[in-house]
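An overview of the molecular structure
The chain contents come next:
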Amino acid sequence: MRKYRLSMLCLTALMLISGCDRSIQDPNVMFSEKHKDPIKELEKTSKDMDHSKFGYKQTFYVPIYSEIYTDRDNRTVLLSATLSVRNTTLKKSLYINKIDYYDTDGALVKSYLRAPIELPAMATLNYIVEKEEDKGGSGANFIIEVEGVDDTVTPVIEAVMIGNFSNKSFAFSTEGTPVVH
């Protein structure tokens, strides 16, 4: 009986420890094909990239609504968002140098990249901002900087937000807009 209790205690402790592992709970890891962070999988080192060969560089602003107001007492509803960066070329890679997340007041919440990433031809990078992430607010946004060999490597960048309130569910999308420097 004593061994049984000890075994159950060890099993419970193991479950609690693994339940605290952020990578196990991260939907970007859970839903990826290899169960790894999709951004980290695409990261390149500086020596892998020759920026002198790039003729296209653009920064995009992508609105993200991590919360919206309801019609009752100015209450808010938290939303989950999926950021989607799509390389629309058939043969050329797109390089992403920056994915920064800002809140309603314009303060940086999180920089998602530690190193540039290479998005192969026709590939898509999807990244989820969880519903529980409440730092962004109603005016949250991403700033995304991309590069390519020429201007035929223009990405499609969108965000899809979903949520529910009471017995209603809703979804809507936004598009990335080029930023004029």
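Note that the coordinates shown come from a computational prediction; the quantities given were computed from them, not determined experimentally. Each residue is numbered by its place in its chain's sequence as written, counting from 1. Local features in this predicted model are restricted to residues of pLDDT 70 or higher, and side-chain atom pairs are both shown and tallied only at a pLDDT of 80 or more, whereas totals for entire chains, interfaces and linings draw on every residue. Each side-chain value is derived from all of the structure's non-hydrogen atoms; neither hydrogens nor water enter the calculation.

Another aspect to go through is the environment of V156. By secondary structure assignment, the location of V156 is in strand β10 (residues 156-165). Taking the C-alpha atoms as reference points, V156 and N87, separated by 69 residues in sequence, lie 6.8 Å from one another. Every residue in contact with V156, bar those within four places of it in the chain, is listed here: S84, V85, R86 and T88. Helix and strand labels come from DSSP, where a helix needs a run of H or I of at least four residues and a strand needs a run of E of at least two; each type is numbered from the N terminus. Residues are treated as being in contact if the distance between any of their heavy atoms lies within 4.5 Å.

Side-chain positions along a regular strand alternate between the two faces of the sheet. Side chains L125, Y127 and V129 of strand β8 (residues 124-129) all project onto a buried face; the interleaved residues T124, N126 and I128 project onto a face where none is buried. Sheet topology places strand β4 (residues 80-86) next to β8; six bridges connect them, and they run antiparallel. Its bridge partner lying in β8, V85 is registered against L125. Partly exposed describes any residue whose relative accessible area lies between the buried limit of under 20% and the exposed limit of over 50%, with all areas from a 1.4 Å probe on protein chains only and scaled to the type maximum. Only when DSSP finds a minimum of two bridges between them are two strands counted as paired.

Here the focus is the pattern of salt bridges. Only one rule defines a salt bridge in this text: a Lys or Arg side-chain nitrogen within 4 Å of an Asp or Glu carboxyl oxygen. Summed over the entire model, instances satisfying the criterion amount to two salt bridges. In this structure, K57 and E145 form a salt bridge, with 3.9 Å as the shortest nitrogen-oxygen distance. Of this pair, K57 sits in strand β1 (residues 56-63) while E145 sits in strand β9 (residues 141-148), and the two are 88 residues apart along the sequence. A salt bridge links D150 to K92; the nearest nitrogen and oxygen atoms lie 2.8 Å apart. Residue D150 is found in the loop between β9 and β10, and its partner K92 is found in the loop between β4 and β5 (94-102); the two are separated by 58 residues along the sequence.

So, on to the side chain of D100. Within the element layout of this structure, D100 appears in strand β5. At 4.3 Å, K98 is the nearest oppositely charged side chain to D100, a buried residue that forms no salt bridge. In protein, a polar contact requires one atom able to donate a hydrogen and another able to accept it; more generally it is a pair of N or O atoms within 3.5 Å, and residues adjacent in sequence count only if both atoms are side-chain atoms. Engagement of the side chain of D100 in a polar contact is seen with the side chain of S111, the distance being 2.9 Å. Every residue in contact with D100, bar those within four places of it in the chain, is listed here: L108, K110, S111, Y112, N141, F142 and I143. Residues scored as positive are Lys and Arg, those scored as negative are Asp and Glu, and His as well as the terminal groups of each chain are ignored.

Turning to the side chain of S84, a few remarks are in order. Here S84 shows up in strand β4. Here N126 takes part through its side chain, which lies 3.1 Å from a polar atom of the side chain of S84. If we skip the residues at most four places from it in the chain, S84 touches T124, L125, N126, V156, I157 and E158.

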